[in-house]
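# Summary of structural features
Listed below, chain by chain, are the residues.
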Amino acid sequence: MASPFLSITDSTISTEGHEDAFLGFVEYARSMISSDAEEDPDAGGGGDPPVPPWSWVVSKILKSCMAYSSGVTPAILLSDLFQAWSEQHRYLASKKRLGWKTPSEKRHRRTRLPHTVTIDSIYEKNFLSPSSVIEAVVIDAFLLPGTNIYLLSLGNPWSSCTIDLYLHRRYYDLLDFQILKKGREVYLTGCCLRTAMEGSGQPRLLPTEYLVVLLDEDQDEDAVLLGAQFCSDSFSSISFDAVKNGVTYSLYARQDHFDHIQHFLENFDKIESIELLEAFRGVERKAIILVDSDGAKLKFVLWGEQILLANLFSLGSMLALDRPFIAHVDNHNVGSQELCLEFGSATRIYMVPFTQQEEEVLLSSTQMRSPGSRFSNTLDQSQGLKISQITLRLDSQGSVDFKNYPFQLHVADLRDKMTGVSLYGVVTNIDKEINNSDTVYSVRIEDTTGAVVAKLHFVRYWSLGRLGIGHSVFISGLTCSITTGKLLEVSWFEKETGTCLFNQSCLPALLNSSCLHKLSHLSDISKLMKKTHICRVCVVSIEHHDVCLVKSHVICGCPVKERSDGSFHCSFCNSNCDGEVLDSFQLKVTLADESNQMFAWCTGQTATELLQITPDEFLHLPVVEQAMYLCTLRTERYIVAVVNCKRSTNRSSMNLEDDPVFEVARAQKCE
C-alpha cells in the first residue's frame, strides 16, 4: 500500500506562528498523527485519541535525520512517525482480540522495560537476542504429547500472536502449586528461539532459567503466598553457619509506602555495576542493592550470563527471593567479609513491579500560549474546553515524570521533582567541572524563556562529538531537583535509559531538508541570534593567513596543544589525548549573499567541506599554490548552517585573535 503521506510537499505544510521552522514541523506532524488517530476507532482503544508526546516526536524526527544524512522529506518523516506511533499503540486494539483478562490499569501505570520485544516482532524477524526481554501472560500450560515436558503458551498485550515456551525444569513445581497458571504475568530473558523447520510447526522458545514471576499484593492468593513464605526471615536473621548446615531462607523487606497495606517484599534501592575482578579472570558481575524493612542492605550479585536478569528489574520494584545462595564477599573498604545473595540453582524470584502513581500537572503559561500550536487548538475544540491540566506519572522517588508530556517544556517551566524533562534551546556556555572525579560538564542552555545550567554526567568521557557555543540542541532525560542551598539543579546522566542529546546545528540532513528550516538572509541573522540559520551564500574570500592546520581531538573535535614532551592535551576534555588526534582545518572566511557580508569561522569537517580539500592534500601543496588554490574558491556557492558563537562570558570561543562572532556549523556545496 502506498504511504498516505507521499502527496505531502513543503508547500502543504504551514508553520505559521513559528519563527523556528523545525518547531513548526513538529507541531504539524503531531496534528497529523492526532487527526489520523481520531479517524481510526481502534487507535485509542475506544477512548480519547492517543496524544503523541512532544519530546517523542522531536526525538523521532532527529533520529530520522541521522538515518537519512542526505536529507529528509515530509513524506519520509511522517511515514516514519506514523509507523513508530502505530506500533507503539498497536496493543490497545490487539488485546481485545486475544481474549485474556489482564490487569490493564496496573500495567498501564508500569514502565515498560528496556530491551522489551513483542511476540509479533519475534515472528516477523524470526530471531530473538538472548538479551531481549519478553513481558508475557500465561495463556495455558500443557504437556507435550507423549512426553513429560511442559510448555507454556504465552501472549503479551502488544501482540496479536502467542508463542510456546519449553518450561525449564527448575520451575515445574510452580505448576504443581498453581503459581504458574492461566493469567499469570511473567518476565523472561536469556531466551533462544527454536525456528520452525519444515513440517515441525511453529517457532518455540527454548528453556531459560531467567524467569521472574509477577505477583499482585491485591490478589488474595498472591498475598497469602507472600505472607506465608516471606514474612519469617530478614537480612539480620541470616547466619552463615546455619547456611553451612543446610538452612535456606526466603527473604523479604517491609515497605510502609501505603499506610493501609504492608508489603512482605524486597525494595530495589539502586542497581550498580561492580568492576571486573582479577581473581575471577574478568567475569562480569552486577549487584542489585536490596533494602529490607529495618533499613538493612544486602547485595544480590549476578555473575556472567546471570546479569541478563538485571534487565527484568526496575527501580522501586518489590522483590521476593526464595532460597537465594548465601555467599561471603570481601569488603575492601573495611578489610572484612560481608554476606551477599546470589542466584543459585534453587533460587526463585518473585516480583511486584513498581506501579507508578499519577499526579495532575497544571499547564504553564508557556504551553497555554504556545505559538502556532494547531495541535493544542485541535484538542481544545475536540474536548469542548480549554485544557488546563495533564495527568502524569510519578517515578519511584516521587518525582513527576514528564517523558509523556504532550507539549514543549521551556526553561521557565522547570521546577523541583521533575524527571524525564526535554529541552530545545541554544548552548551558550560549556565547561568541564575540574574538581570532580567523574566526567561532568556544565552546559548552559537558553531558550525563549530563560537559561539554565545542566550538569551532564558521562560514564567515561565526553561522547557527544562536536558541540559548540550557539549550537541548537535537543536534550531529553533531564532531572530537576533543589539543592541544600535552595537552588534548582538540572542533571543529565548518560547511562540512564531514554537519555539523548542531538546537536541539530551539525546534522547534515538539516541543510537538505527544506521542511525543517526557513532560509535566512545574512542581514537577518543579527536580529534573530539565538537559533541556527540556514543560508545560501558564496565565498567572498579566504585569506591564506586565515587558514590554520591544527591537531584536533577525535572525541570532541576541539584543538589540542602539544606539550614539550611531545604529548597532546585537550583543554576541553582536560585530558591527554595521545593517539586520539587528527589533522584538521581551522579557518576564517568571508561569506556573502544578496543582502550582506559576514565574517565567520569554522573547523573540522565543515572547514574541509568549504575548502573542498583535505588537510593532508593542502599541506603537501607549496605555499604559493596554497594561496592560488584559495583564490579559486571565490564565488563558490554553498548552503550553510550559521550560529552565533559568542560566549555568555567574556572568554573567547576559540584560541584565535579577533575571533569572528559567527560560526559555520555545517556547509555543503551547492550543485
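As the structure is a computational prediction, the values presented were derived from the model and not from experiment. (Residues numbered from 1 in each chain as written. Predicted model: local features only at pLDDT ≥ 70, side-chain atom pairs only at ≥ 80, totals over all residues. Heavy atoms only, no water.)

### A closer look at the pairing of strand β25 (residues 500-503)
Spelled out, the test is: Exposure is judged per residue with a 1.4 Å probe applied to protein chains only, and the accessible area is read against the type maximum: over 50% gives exposed, under 20% gives buried, and values in between give partly exposed. To qualify as a helix, a DSSP run of H or I must reach at least 4 residues; to qualify as a strand, a run of E must reach at least 2; elements of each kind are numbered from the N terminus. In this scheme, strands are said to pair when DSSP sees at least two bridges between them.
With burial as the criterion, each face of β25 is covered, one bearing C500 and F502 and the other bearing L501 and N503. Strand direction decides the pairing type here: strand β23 (residues 472-482) and β25, joined by four bridges, are antiparallel. If you follow S476 over to β25, its bridge partner there is C500.

### Here we look at the environment of V426
Stated precisely, the cut-off is as follows: Contacts are residue-level and defined by heavy atoms, with any inter-residue pair within 4.5 Å sufficient.
Here V426 is to be found in strand β20 (residues 418-432). Among the residues examined, V426 registers a relative accessible area of 5% and is labelled buried. Sequence separation of V426 and V473 is 47 residues, and the distance between their C-alpha atoms is 6.1 Å. Sequence-distant contacts of V426, defined by excluding residues within four places in its chain, comprise R444, I445, E446, G470, H471, S472, K530 and K531.

### Concerning unusual backbone geometry
Positive phi is not limited to glycine here, since K417 has a value of about 60 degrees. Mapped onto the elements of the fold, K417 is located in the loop between β19 (400-401) and β20. We note that Q612 has phi near 60 degrees; this positive angle belongs to a residue other than glycine. A residue is classified by how much of its surface remains accessible, and Q612, at 33% relative accessible area, is partly exposed.

### Notes on the environment of S86
One can find S86 in helix α3 (residues 74-88). Residues S86 and I33, spaced 53 residues apart in sequence, show a C-alpha to C-alpha distance of 9.3 Å.

### Considering the nonpolar core
Put simply, the rule reads: Think of a nonpolar core as a cluster: buried Ala, Val, Leu, Ile, Met, Phe, Trp, Tyr and Cys residues, connected wherever their side-chain atoms sit within 4.5 Å. Marked domain ranges trace back to an automatic or database domain assignment.
Grouped together as the largest cluster of nonpolar side chains are 64 residues, with contacts concentrated most on F300, F313 and L341. Counting contributing residues, this core receives three or more from each of domain 2 (119-214) and domain 3 (220-260 + 283-352). In this structure, F458, C480, C558 and C570 belong to the second largest nonpolar core, which totals 40 residues.

### Looking at the sheet that holds strand β29 (residues 568-570)
Ordered by their spatial adjacency, three strands build an open sheet running β28-β29-β30, and the pairing between neighbours is antiparallel. Taken across any chain shown, the strands that pair with only one partner, and hence form the sheet edges, are β28 (561-562) and β30 (575-576). Note that β29 and β30 share two bridges and pair antiparallel. In the strand pairing of β30, H569 is matched with N576.

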